[in-house]
Amino acid sequence: DGTGKPVDVTADNKAYEYSPVFSPDGTQLAFAMMTRPGYEADRVRVALLDLASKKRRVLTEAWDRSAGGLSFSNDGKTLWTSTDHLGHHAIFAVDVTTGSVKALVDKGTNQGAVQAGDRILFQKDTLTSPAELWTMRLDGGDARPITKLNSERTAKIAWGTYEQFTFKGAKGDTVSGFAMKPAGYQSGKVPVAFLIHGGPQGSFGDHFHYRWNPEVFAGRGYGVVFIDFHGSTGYGQAFTDAINGEWGGAPYEDLMTGLDEALKKYPWLDGTRAVALGASYGGYMINWINGHTDRFKALVCHDGNIDEQMAYFDTEELWFPEWEHGGTPWDKPEGYAKHNPVDFVKNWKTPTLVIHGGNDFRVVETQGLGTFTALQRKGVPSRLLHFPDENHWVLKPQNSKRWHDEVLGWLDRWSGRK
């Protein structure tokens with residue numbers, strides 16, 4: 001405002017806003033905006049603020065996706081953003097005048113679009129390719145890579161081939177998943193590694209991940225299946241919101257139905273040798289699964305809650321369970337009791353590897369220790385892997401190696417993989 005003092009230009013909106021970027025002529029500020037305070041997975045709109053009049057205009061109210069980072073075209077007529085989209089992460093062009101939205105590239109994981117001359121420069125990766133720089137025309141055509149930083153290494157790797165499939169899940173909705181063959185697959189039936197993503201408002205899609213990469217399990221000889229259950233992002237806000245207060249309902253139904261559909265569709269998957277693993281919400285779901293089915297030969301629970309009520313008092317993210325379960329445990333106890341794994345420990349019988357980080361303040365290590373204690377007292381074959389120097393993720397290289405060795409060893413032991 002000319003005084004050097006900060007001015008809150010969006011004080012009327014109490015929800016989260018981020019990724020501000022000035023238009024090329026300096027007259028407008030574009031930014032990403034939520035509208036529901038306290039909800040980390042609210043739909044993210046693209047908004048435009050006229051700096052002279054201080055008037056705000058929401059460009060993408062009619063677009064049922066959540067915008068990511070933003071950048072302007074050189075002429076200021078287009079904003080580029082990327083977002084989860086049907087199991088992929090796509091780049092979209094938003095018309096600054098009309099708010100109309102067009103997908104430019106929608107397969108794989110694409111992000112960071114900026115103009116470079118008369119083309120768009122962006123980053124792309126897939127399940128079989130780490131990130132490289134690509135370019136495409138301003139209209140999205142002629143997309144091609146311009147770097148090959150990883151080509152020498154990736155050429156030496158036997159990758160598991162994969163495809164996306166859909167099925168009718170909970171509430172009669174279409175649900176998406178992926179199935180991946182073991183690397184170098186020739187014939188016969190193979191054990192199944194069933195991966196469950198965290199968030200829970202996230203997505204397991206066509207993305208080269210450095211922690212939960214499905215190709216790691218395919219490289220070990222597993223057929224890999226992963227489902228974007230209700231609550232996942234990239235399928236519209238109603239689909240994402242469907243998990244609120246419904247953690248063990250529709251998502252569990254989607255996961256079990258999705259695995260059944262994959263077993264029917266892909267005869268090379270051996271459902272009698274299926275193992276399941278997940279982290280964060282995925283770890284919660286592993287504990288929920290243990291109380292509700294014995295279809296899996298083994299489970300891996302990484303940083304997952306056993307008791308939703310006590311997890312509230314442990315976590316540093318109080319606003320998160322308050323939104324997901326409808327309030328505090330004393331005001332809304334039924335929200336925490338509705339789908340609480342601790343109430344079904346009496347049914348636990350599946351061998352489980354429990355993993356937890358000592359610096360995890362989101363899902364505190366007492367949840368993992370409680371899970372392991374319950375398994376041990378129940379006499380269920382179990383093992384605890386504790387990383388005192390890791391948080392909600394395993395980030396240090398040697399710890400990651402140990403993590404993979406332990407997880408794959410546990411799966412091999414119980415699935416009978418040879």
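A brief structural summary.

Basis of the calculations
Residues numbered from 1 in each chain as written. Predicted model: local features only at pLDDT ≥ 70, side-chain atom pairs only at ≥ 80, totals over all residues. Heavy atoms only, no water. Helix = DSSP H or I, 4+ residues; strand = E, 2+ residues; numbered from the N terminus. Rg over C-alpha atoms; globule rule 2.2 N^0.38 Å. Buried < 20%, exposed > 50% of the residue type's maximum accessible area, 1.4 Å probe, protein only. Contact = heavy atoms within 4.5 Å. Lys, Arg positive; Asp, Glu negative; His and termini not counted. Charge placed at Lys NZ, Arg CZ, Asp CG, Glu CD. Phe/Tyr/Trp six-rings, centres within 6.5 Å; stacked < 30°, edge-to-face > 60°. Lys NZ or Arg CZ within 6 Å of the ring centre and 35° of its normal. Expected span 1.5 Å × (residues − 1). Arc of directions from axis to C-beta. Polar contact = N/O pair within 3.5 Å; in protein donor to acceptor, adjacent residues only side chain to side chain. Patch = residues over 30% accessible without salt bridge, like charges linked within 9 Å, V, L, I, M, F, W, Y side chains within 5 Å. Areas by Shrake-Rupley, 256 points an atom, 1.4 Å probe, with all protein chains shown as cover. Salt bridge = Lys/Arg side-chain N within 4 Å of Asp/Glu carboxyl O. Axes fitted to C-alpha atoms, helices over the stretch in contact; angles between N-to-C directions. Parallel < 35°, antiparallel > 145°, perpendicular 65-115°, else oblique. Pairing = 2+ DSSP bridges.

This next bit is on the overall build of the protein. Per the secondary structure count, the protein includes 10 helices and 20 strands. Against the globule reference of 22 Å for 418 residues, the protein gives a C-alpha radius of gyration of 23 Å, in line with a compact fold. If you line up the protein on its principal axes, its C-alpha atoms span 70 × 55 × 45 Å. Across the 418 residues of the protein, 53% fall into the buried class. Sequence separation of at least 24 residues holds for 59% of the intrachain contacts in the protein that already meet a minimum separation of 6. Averaging the positions of the 45 positive and the 51 negative side-chain charges in the protein gives two centres separated by 6 Å.

Quick look at the packing of aromatic side chains now. Across all of its chains, the model carries 29 aromatic pairs by this definition. Their ring planes at 80 degrees and their centres at 5.9 Å tell us that Tyr-312 and Trp-330 sit as a pair that is edge-to-face. Here Tyr-312, found in helix H6 (residues 308–314), pairs with Trp-330, found in the loop between helix H7 (319–324) and helix H8 (333–337); they are 18 residues apart in sequence, far enough to count as distant. Between Trp-319 and Phe-320, the aromatic rings sit 6.3 Å apart at their centres with planes inclined by 90 degrees, giving edge-to-face as the arrangement. Residue class for Trp-319 comes out partly exposed when judged on its relative accessible area of 37%. What makes Phe-320 buried here is its relative accessible area of 12%. The ring of Trp-134 carries the charged tip of Lys-124 above its face, separated from the ring centre by 5.3 Å. We note Arg-295 situated over the ring of Phe-296; from NZ or CZ to the ring centre the distance is 5.9 Å.

Moving on: helix H9 (residues 365–378). Between its terminal C-alpha atoms H9 stretches 20 Å, which fits the 20 Å expected from 14 residues at 1.5 Å a residue. Those residues of H9 lying buried are Gln-367, Gly-368, Thr-371, Phe-372, Ala-374 and Leu-375. In a view along the axis of H9, the buried residues occupy a sector of 160 degrees, so they form one face of it. Where H9 is buried, its residues meet helix H5 (281–290), H6, strand E19 (352–357) and strand E20 (382–387). The first or second residue beyond H9 is Gly-379, which carries a positive phi of 75 degrees.

Positionally, Asn-305 belongs in the loop between strand E18 (298–302) and H6. Accessibility expressed as a relative area gives 11% for Asn-305, which makes it buried. A polar contact of 2.9 Å, which involves the side chain of Asn-305, links it to the side chain of Glu-308.

What follows is about a nonpolar patch on the surface. A surface patch of nonpolar side chains, about 350 Å² in accessible area, is lined by Met-310, Phe-313 and Trp-330. Summarising the element assignment, Met-310 is placed in helix H6. Judged by relative accessible area, Met-310 falls into the partly exposed class, the value being 40%.

The next subject is the environment of Asn-110. Within the secondary structure, Asn-110 sits in strand E9 (residues 109–116). The class for Asn-110 is buried, based on a relative accessible area of 0%. Taking the C-alpha atoms as reference points, Asn-110 and Pro-381, 271 residues apart in sequence, are found 42 Å from one another. Only 3.1 Å separates the side chain of Asn-110 from the backbone oxygen of Lys-107, close enough to count as a polar contact. A distance of 3.0 Å separates a polar atom in the side chain of Asn-110 from a polar atom in the side chain of Lys-124.

Turning next to the packing of helix H4 (residues 250–265) against H5. Contact geometry of H4 with H5 gives a least axis separation of 11 Å together with a crossing angle of 75 degrees. As the angle between them shows, H4 and H5 are arranged roughly perpendicular. Together, Pro-251, Tyr-252, Leu-255 and Met-256 of H4 and Tyr-281, Met-285, Trp-288 and Ile-289 of H5 make up the contact between the two elements.

Two side chains with opposite charge may pair up if their charged atoms get near one another. This structure, assessed with the given rule, holds 21 salt bridges. For Glu-61, the salt bridge goes to Arg-45, with nearest N and O atoms at 3.2 Å. A residue pair is termed long-range when its members are at least 10 positions apart, and Glu-61 in the loop between strand E4 (56–58) and strand E5 (70–72) and Arg-45 in strand E3 (residues 45–50) qualify at 16 residues. Given the relative accessible area of 42%, Glu-61 is considered partly exposed. In this structure Arg-45 comes out as buried when scored by relative accessible area, which is 10%. By sharing partners, the salt bridges in this structure join Arg-36, Asp-42, Arg-43, Arg-45, Glu-61 and Asp-241 into a single network.

Attention shifts here to the pairing of strand E16 (residues 223–228). Burial analysis of E16 places 6 of its 6 residues in the buried class, the great majority of the element. Neither face of E16 is left uncovered, since the one carrying Gly-223, Val-225 and Ile-227 and the one carrying Val-224, Phe-226 and Asp-228 both have all their residues buried. Across 5 bridges, the pairing between strand E14 (residues 174–180) and E16 is antiparallel. Counted as the bridge partner of Phe-178 is Phe-226 from E16. Pairing of strand E15 (residues 190–196) with E16, which is carried by 4 bridges, proceeds in the parallel orientation. By the bridge assignment, Phe-194 is partnered in E16 with Val-225.

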